[in-house]
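# Chain and residue survey
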Amino acid sequence: MKIVHTADWHLGKRLQDFQRLQEQQNVLDEIVQIADQEQADLVVVAGDLFDTFNPDPKAEDLLYSTLKKLTAGGSRPVVAIAGNHDNPDRIEAQDHFGRECGIIFAGFPKTEVRSYELSCEAKLLRSAPGFIELKLPRHDAPVRIILTPYANETRMRAYFGQTSFGDELRQQLQEHWAALANTYMDKQGVNLLTTHLFVMKRGGEQPEESDDERSILQVGGASVVYTDMIPPQIQYTALGHLHRYQEIAGGPSPVIYSSSPLAYSFAESDQQKFVVLIEAKPGQAVTVTPVPLKTGKRLLRPRFKRVDEAVDWLKQNPDCYAEITLQTPTYLTSEERRELQQAHDSLVTIIPDVRDVKSTQKETAPAIDLTQSMETLFADYFKSKNKGQEPNERLQQLFKEILATESE
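Residues numbered from 1 in each chain as written. Predicted model: local features only at pLDDT ≥ 70, side-chain atom pairs only at ≥ 80, totals over all residues. Heavy atoms only, no water.

W9, L11, V45, L63, L67 and L70 are the most contacted members of the largest nonpolar core, which has 34 residues in total. Of all the secondary structure elements, the ones that give two or more residues to this core are helix 1 (21-37), strand 4 (42-46), helix 2 (57-70), strand 5 (78-81), strand 6 (103-106) and strand 16 (274-279). Apart from the residues within four sequence positions on either side, V45 is in contact with T6, W9, L67, V78, V79, A80 and I81. Counting 27 residues, the second-largest nonpolar core is a separate cluster that includes M1, V113, I256 and V276. (Core = buried A, V, L, I, M, F, W, Y, C linked by side-chain atoms within 4.5 Å. Buried < 20%, exposed > 50% of the residue type's maximum accessible area, 1.4 Å probe, protein only. Helix = DSSP H or I, 4+ residues; strand = E, 2+ residues; numbered from the N terminus. Contact = heavy atoms within 4.5 Å.)

Okay, structure coming up:
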């Protein structure tokens, strides 16, 4: 059977002031096309479906319309779990919609999918807390999936009786996985695990992670899950959370982050994105093929020493989001900033790297004029801390909202 693994769609996510919903629609259409061309039997979406707990209605429309397309008219089941950016209650609230299309949602670490007949050609054979077994239309052998959506401390306490993600919880999670695998998984079916957690090899180097996802890690790496905790029956582990494609060593079988479909921060600059195609048979090692995605603007961060060089590059590379760094002996003038902005429709950030400024400029601190408005003082402070970079409109608006709140 063929399985498509994708994750970290982050629907509704912006790049500072740039709305990216059309890009997201385009790349999700590409994923649907890949699933159709490969005649995939199952699609797994490993969390972070949305970017926020309360997504924009347009992002919700895009999610559910895409998941329905992925079912190929009811011939292909789709399994989607919640990530740390998702509201698990919101994800599971669409259960009534999902069952009509062959989509299974899991929001919590021990969600038990209710026993019902899917309104599609697939059948739900068995379910338990954190587990499902499906009969796919074109295959006699079933597929078994252990489902472990993201768990914060509240959910840990509720589902595993622990208040922190330390060794005790890791032990509880390993025992939970082992119990499900020992009860429901043998070599007569295809056995998968999908989870949205930070997974690494015990004693190995930490996998690369994007800026947006570093907040999930607790002090000392306490939230890490190790690949040697994965039951030996598992033939493939579909991970979500980290945005770069990478295979994590130390497991009994491939343990893979599929990557996000788009680059969502400049930490992912010029990074190739993928979905993963898995070919699986009961009792055999799977074949894994990363399929590169072609849709979406690249995020590039070039460096320059002259403004005219930067302007030329910007005009020659219109189809990207740019974060440019200018190493200059003086701060940029407003005219130079305006020239740079006008050279490119998707210039996100200009970072001045000021060097060799005259000593008088370095040593003399400007006097603070307290008669100025709070907004002006804030802008001056921001520029002093960021090498002359102006705060963008969004940040200025946020500061004004804070001022309004303080005055109430």
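What follows covers empty space enclosed by the protein. Inspection of the entire model under this criterion finds two cavities of 30 Å³ or more. Taken as a whole, the largest cavity spans an internal volume of roughly 50 Å³. As for the largest cavity, its lining consists of I3, H5, V44, I145, L192, L193, T194, Y236, A238 and I278. Elements supplying a minimum of two residues to the lining of the largest cavity: strand 1 (2-6), strand 10 (190-195) and strand 13 (236-239). At three residues, the largest contribution of residues to the lining of the largest cavity is made by strand 10. A per-class count over the lining of the largest cavity returns eight nonpolar, two polar and no charged. (1 Å grid on protein atoms, 1.4 Å probe; cavity = no way out; pocket = protein on both sides within 12 Å on 5 of 7 lines; lining within 4 Å. Points joined across faces, edges and corners; volume = space filled by probe spheres on them. Nonpolar A, V, L, I, M, F, W, Y, C, P; charged D, E, K, R; others polar.)

With that out of the way, let us pick up the sheet that holds strand 6. If you trace the six strands from one edge of the open sheet to the other, you get 6-5-4-1-16-17, paired in mixed fashion. In this open sheet, the two strands that pair with only one neighbour each are strand 6 and strand 17 (287-292). Averaged over all neighbouring strand pairs, the angle between strand axes comes to 20 degrees, with direction disregarded. Sitting on the sheet, helix 2 touches strand 4, strand 5 and strand 6, and the angle it makes with strand 6 is about 130 degrees. (Pairing = 2+ DSSP bridges. Axes fitted to C-alpha atoms, helices over the stretch in contact; angles between N-to-C directions.)

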